[in-house]
Amino acid sequence: MGVRVQAEDFDISAEMAAITAGRTDIGAIVTFTGTVRGTAGDEAISTMTLEHYPGMTEAELARVEAEAAERWPLSASLIIHRIGELKPGANIVLVITASAHRHAAFEAAEFLMDYLKSQAPFWKKEARPDGTADWVDARETDTAALKRWAK
Amino acid sequence: MGVRVQAEDFDISAEMAAITAGRTDIGAIVTFTGTVRGTAGDEAISTMTLEHYPGMTEAELARVEAEAAERWPLSASLIIHRIGELKPGANIVLVITASAHRHAAFEAAEFLMDYLKSQAPFWKKEARPDGTADWVDARETDTAALKRWAK
Amino acid sequence: MTTLSQASKPTDADERTVTLRYFAWVREKVGTADEVASLPAKIETVADLIDWLKARGENYEAAFARADVIRVAIDQTHARSDAKIAGAAEIAFFPPVTGG
Amino acid sequence: MTTLSQASKPTDADERTVTLRYFAWVREKVGTADEVASLPAKIETVADLIDWLKARGENYEAAFARADVIRVAIDQTHARSDAKIAGAAEIAFFPPVTGG
């Protein structure tokens, strides 16, 4: 279990190796990687800047991770979210869930992403090649995605 | 898009890099990795041997991958399945799905795994430390998992 | 622009000191990332605090113009606009989150 | 053990040559991974073929004892037990798959 907020990139193979090292109880590992797209609507994006709320971000991610561990039989999980200025194609977020069975790993990873997107205090600002920039609006679909996890 | 059946291990970071190289249209990448567990029920497993049907295996995997690409807006996908004798903890299968949006990537990866598990001609034989071995029985839950994808 | 609550002079006993933090476009509109504010005792809820802030100047008025979209955290925990702020050390205001 | 269809001598015109393949425990019980068989013309479906194979010896009888769990592929495509085998070059028998 772990939560990291960092400017640095991450390496999935290395993170997976750290999670599975010496363990033979894991049968299924799901990873989700979010990356910066080069367009927003039909406009080109030159950079994306991620702002966050230090302290609260880590607390929210840890709370969401703990809830996933309560709801699914997870062997391990990891959330890494990058901050700062990122180029198109760059990694933004990595979620890893490991379990004995695949459906638990898949569901927990989706749950973590749905909650992360609507609860963790991160904000994206997209800059265009002409120097203008806008804050990304929250999407209704991300809020709607949460509803299926209601207990 | 791609399908590989091989004895060799795979590296997720390298496979993801190959899929995403030079692309900025991808926003979400999901990977599923299946690994050999060290126990079956409450018995220890020393090795797992994967047999397959050369030719038909590749054809089935390609067919399932094509169906996923029809049903979800995928930017890319990859299926690698290992064969031969594997130790507990070793990788068995890797599925990668990439899309502009996360729900498509998650759903397509689950679909590929559900179909692969019930359609692709692979068979597992588990050997115990005492030298005895048994073919793994198909699980009803894997067949049941398919039903949610019925069109 | 000046409200009765600001016009009336509070006593020291009525005031509390709280750190206010702003993020993303709320921060840009207010013009600062954080500040320490002395709040009149009559401010009981998040909604009261937003009303009080909006009266402090055009920058605040612009930042909180659409109060319905502003999200709030009291001591780093998500809170509703009717939440009581008694005992809070840090109150943050920000747009709906867009990470991930 | 010998059935009428095997006892009767077919003419060359009635026979077809097909490769039979076996996997996993079906292969182990039959005792071979593949073989070429000459099938009497009267074998029309997968089910007919399984009945014919079961009569060929105890190893086949053991392999196909639970015919309901055996899966079949005709020319590397999944097929049902009532599928016609006319024109098939390769017919494979195996347990339910367990990969992934």
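Scroll up to find the structure this text is about.
Residues numbered from 1 in each chain as written. Chains lettered and ligands numbered in written order. Predicted model: local features only at pLDDT ≥ 70, side-chain atom pairs only at ≥ 80, totals over all residues. Heavy atoms only, no water.

(A) Examining the pairing of strand E1 (residues 16-22) of chain D more closely. Residue and element names in this part refer to chain D. For E1 and strand E2 (residues 34-39), the ladder comprises six bridges, and the chain directions are antiparallel. Residue pairing in the sheet places Val18 in a bridge with Ala37 of E2. Two elements, E1 and strand E5 (residues 90-94), share four bridges in a ladder whose sense is parallel. When the sheet's bridge partners are listed, Leu20 is paired in E5 with Ile91. (Pairing = 2+ DSSP bridges. Helix = DSSP H or I, 4+ residues; strand = E, 2+ residues; numbered from the N terminus.)

(B) Examining the interface of chain A and chain C more closely. Facing the 25 residues of chain A at the interface are 19 residues of chain C. At the boundary of chain A with chain C, total buried surface from both sides reaches about 1800 Å², with 57% on carbon and sulfur atoms. By the criterion of area lost to chain C, the three top residues of chain A are Tyr53, Trp123 and Trp135 of chain A, representing 36% of everything that side buries. In this assembly, chain A and chain C are joined by two salt bridges. Of the charged contacts, one joins Glu51 of chain A and Arg27 of chain C as a salt bridge, the two residues approaching to 2.5 Å between their closest N and O atoms. Applying the counting rule to chain A against chain C returns 13 residue pairs in polar contact (both at pLDDT 80 or more). Of all the secondary structure elements, the ones that give two or more residues to the side of chain A that touches chain C are strand E5 (47-52), helix H2 (56-71), strand E8 (91-99), helix H3 (102-119) and strand E9 (122-127) of chain A. Counted by class, the side of chain A that touches chain C contains 14 nonpolar, five polar and six charged residues. (Contact = heavy atoms within 4.5 Å. Buried area = accessible area lost by both parts, 1.4 Å probe. Salt bridge = Lys/Arg side-chain N within 4 Å of Asp/Glu carboxyl O. Polar contact = N/O pair within 3.5 Å; in protein donor to acceptor, adjacent residues only side chain to side chain. Nonpolar A, V, L, I, M, F, W, Y, C, P; charged D, E, K, R; others polar.)

(C) A look at the sheet that holds E5 of chain D. Residues and elements named next belong to chain D. Read across the open sheet, the five strands follow the order E2-E1-E5-E3-E4; overall the sheet is mixed. Every interior strand has two partners, whereas the edge strands, E2 and strand E4 (77-79), have only one. Neighbour to neighbour, the strand axes of the sheet diverge by 30° on average, direction disregarded. (Axes fitted to C-alpha atoms, helices over the stretch in contact; angles between N-to-C directions.)

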